[in-house]
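So the chains spell out like this:
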Amino acid sequence: MSAKLAAKPVPRSNLAAPPDVMLRLYGTMARIRRFEEKATELFRAGVIKGTAHSYAGQEAVAAGTCLHLTDRDAVGSYHRGHGHCIAKGAKIDRMMAELMGKATGSCKGLGGSMHIADLERNILGANGIVGATMPIGTGAALAAKLRGGDDVVIAFFGDGAANQGVFHESMNLASVWRLPMVFVCENNHYALNTAYRDTTAVPQVALRAAAYGMPGETVDGNDAVAVWRSLGLAVGRARSGEGPSLVEAMTWRWGPHSMRANLREPRSDADMAAWKARDPLLVLKERMTLEAGIDAGAIAEIERAADDEIAAAVRFAEAGPEPTLEEAKAAVYAPAQAFVEPGPGSARELTFAAALNEALDQEMQRDPSVILIGEDVAETGGIFQVSKGLVGKYGRERVRDTPISESTFCGTGVGAAISGFRPVVEVQIFDFVTLMMDMLVNQAAKFRFMNGGVAKVPLVVRGPQGGGIRLAAQHSQSLEAWFAHVPGLKVVAPSTPYDAKGLLIAAIRDDNPVVFLEHKMLYLGQTGPVPEAWYAIPLGRAVVKRAGSDVTVVATQAMVARALTAATQLEHEGISVEVIDPRTIKPLDEETILASVRKTNRLVVAHEGWRTGGFGAEVSAMVTERAFDWLDAPVARVGAADMPMPFNDKLESAVIPDHAAIVAAVRALF
């Protein structure tokens, strides 16, 4: 970076703020600076471990922004989030304990510096994934809008995140829905070690606001008064229902990217000196003295109070215990709800899609916090008509068509879920979930854990998966094994209309993120009995679809019907087959499977996903570990061939296992 750029920051405003505002700004900034100085000292001493990212040098942005916020307003942060937390009112002693990994920390020692949060103060957390705070903030802003009132959401992010796709997706979605949100870009001129001028096509990030129909402004991020005035306008605009804004604050981080300091320093001494000469605390001191007539004694008292608070915070943190493994395990999932399953007895029959539609309808009628978002879910009713008619009953506020921006509308679901709603996010074709992986795996699945087990993330991500209708390689995959591998997620895979309704209701009521898989062939399959009354099926409970004594077949989704066909055929050969449908892949009802294997002494696992690394491998390992002495033959797995799904219909049929493949696998065990 050239010295020319450092020597010419955005000119600061000549407009003063009231003296009490300046004092409050300075008090916040002094507390942030002292916190970061002490944190750096403790990191170098080995007391704070891992990594931490100092906010020193950028204090004016957090202070000037958060002074406009109420307790009800929400803030999303990124890896350099200490300052945002302090400015929003987080307790410094609990923050310091969190940096030390203590159970008395704000996240009980499970989040650490990069994920520091305080949900009691609507600080939705720092985030180790660049740009992730923006989709989550969009969801929190949607929740604020649906609740009514005038709450706003701030999404802080760095200049590097402005080149992430979710930046553009979130700006667009927030503008389309006129959400009460302010995007605050803290442009400290470097992403990690690369200058933003070398990676960003526009001269200022704020210029991108015009493309999304919102105001954009670049301000002097080292002048707390300038930030305070600019954010006052943006927050006021959001509160009055005028929609989002983008504010870019030009600033400078004093330290390296992180406290680890294991990278080269790309910034010149001249740049560092030029920016440090405009220390935001010194800039505000000058304003306080020259413009507001505040004497040095009042300023010194603020600094002494900050020193005392930090010293007390260190003592508190050092005295705290470390979290136990048991506490960490308990933080992964919110407690499950108890339901009594009625059984499928009913004279009325529905299609698979109609059963899902009825589940959505009944839950939306019962609970106004249930919302549905996704591509073409409103008037179109989804491409498989699962949401048909719901927009007419519940309106476009609760049944929302989204742009084609999977990562962000999934992240919007995450943000709305942690803000008190129960979003159901439809994936138009489940292969597109690859675009949502960060929001599912790094955000939804980990949010409760990183916040010490106190958060709820009642999110359902549902949609069609699997092959059989000639949609070829990018629209036909069965990816359930991916999600079953991730702690924090639940994975549901119904095989009948009855199961579909009861499991979807249970998933919507669950306080954890649920991946809900709907096989496309089941949409096109036979009707089945479905009680009209409300009911829920407990997640994690398998069902024995057919009793048998010679071999157990565990089958999922569309493979269940094929397993039952195979069992009928094998019965004529004198082989009695017990068919088990897990219904929920995670948590898995291991005991029902084990009880069956101990009775039949043989096991076949059949699923449509690829055989290698698939769900069958996990069931095989579990049974081998826990029931090896009962097995009279090796566990057999039936799965798709290890190739992408071909378009040709005969090849597609050859790749997807049929009932004959199950019959062959069973015969091989005898």
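Residues numbered from 1 in each chain as written. Predicted model: local features only at pLDDT ≥ 70, side-chain atom pairs only at ≥ 80, totals over all residues. Heavy atoms only, no water.

Novice: Residue-level account of the environment of Gly297, with values.
Specialist: By secondary structure assignment, the location of Gly297 is in helix α11 (residues 296–319). Its relative accessible area of 43% is what places Gly297 among the partly exposed residues. (Helix = DSSP H or I, 4+ residues; strand = E, 2+ residues; numbered from the N terminus. Buried < 20%, exposed > 50% of the residue type's maximum accessible area, 1.4 Å probe, protein only.)

Novice: A description of the sheet that holds strand β10 (residues 460–465) should follow, citing residues and the corresponding values.
Specialist: Judged by pairing direction, the sheet is mixed, and its seven strands sit side by side in the order β8-β7-β9-β10-β12-β11-β17 without closing on themselves. Each having just a single partner strand, β8 (399–401) and β17 (584–586) make up the two edges of the open sheet. The sheet shows a mean angle of 20° between the axes of neighbouring strands, direction not considered. Of the pairings in the sheet, the one linking β10 to strand β12 (residues 514–519) comprises six bridges and is parallel in character. (Pairing = 2+ DSSP bridges. Axes fitted to C-alpha atoms, helices over the stretch in contact; angles between N-to-C directions.)

Novice: Tell me about empty space enclosed by the protein, and name the residues and values.
Specialist: A full pass over the atoms with the stated rule returns five cavities of 30 Å³ or more. Of the volumes computed, that of the largest cavity is approximately 110 Å³. Lining the largest cavity we find 14 residues, and of these Leu124, Gly125, Ala126, Asn127 and Phe447 sit closest to its centre. Counting only elements with at least two residues in the lining of the largest cavity, the list comes to α6 (133–147) and α16 (437–450). Of the voids in this model, the second largest cavity is the one considered here, and its volume is about 70 Å³. Ranked by the residues each element gives to the lining of the second largest cavity, the list is headed by strand β18 (residues 603–610), at three residues. Considering only residue class, the lining of the second largest cavity consists of five nonpolar, four polar and one charged. (1 Å grid on protein atoms, 1.4 Å probe; cavity = no way out; pocket = protein on both sides within 12 Å on 5 of 7 lines; lining within 4 Å. Points joined across faces, edges and corners; volume = space filled by probe spheres on them. Nonpolar A, V, L, I, M, F, W, Y, C, P; charged D, E, K, R; others polar.)

Novice: Quick rundown of the pairing of strand β19 (residues 636–640)? Include the residues and the values.
Specialist: Counting buried residues in β19 gives four out of five residues, a clear majority hidden from the surface. Pairing of β18 with β19 involves four bridges; the strand directions are parallel. Bridge pairing in β19 links Val605 to Arg637. Chirality of the crossover, the property in question, places the unit of β18, helix α22 (residues 615–627) and β19 among those that are right-handed. (Right-handed = clockwise from strand over helix to strand, strands pointing away.)

Novice: Requested: an account of helix α9 (residues 269–276), with residues and values cited.
Specialist: What α9 keeps buried is the set Asp271, Met272 and Trp275. Projected onto a plane normal to the axis of α9, the buried residues spread over an arc of 100° and lie on a single side. (Arc of directions from axis to C-beta.)

Novice: So what about the environment of Ser495? Which residues, and what values?
Specialist: One can find Ser495 in the loop between β11 (490–492) and α18 (497–509). Excluding residues within four positions of it along the chain, Ser495 makes contact with Phe352, Leu522, Lys545, Gln557, Val560 and Asp581. One polar contact links Ser495 to Asp581, side chain to side chain, over a distance of 2.6 Å. (Contact = heavy atoms within 4.5 Å. Polar contact = N/O pair within 3.5 Å; in protein donor to acceptor, adjacent residues only side chain to side chain.)

Novice: Which residues make up the confidence of the model for the protein, and what values do they have?
Specialist: Per-residue pLDDT for the protein has a mean of 94; in total, 98% of the residues score no lower than 70. Low pLDDT, under 50, characterises residues 1–14; the stretch is placed with 31 contacts to residues that sit more than four places away or in other chains. (pLDDT = per-residue confidence, 0-100.)

Novice: So what's going on with the side chain of Asn188? Which residues, and what values?
Specialist: You can see Asn188 is positioned in the loop between β3 (181–187) and β4 (216–220). Using a relative accessible area of 4% as the deciding quantity, one classes Asn188 as buried. Each residue touching Asn188, except ones within four places of it in the same chain, is listed here: Gln58, Arg80, Asp159, Thr251, Trp252 and Arg253.

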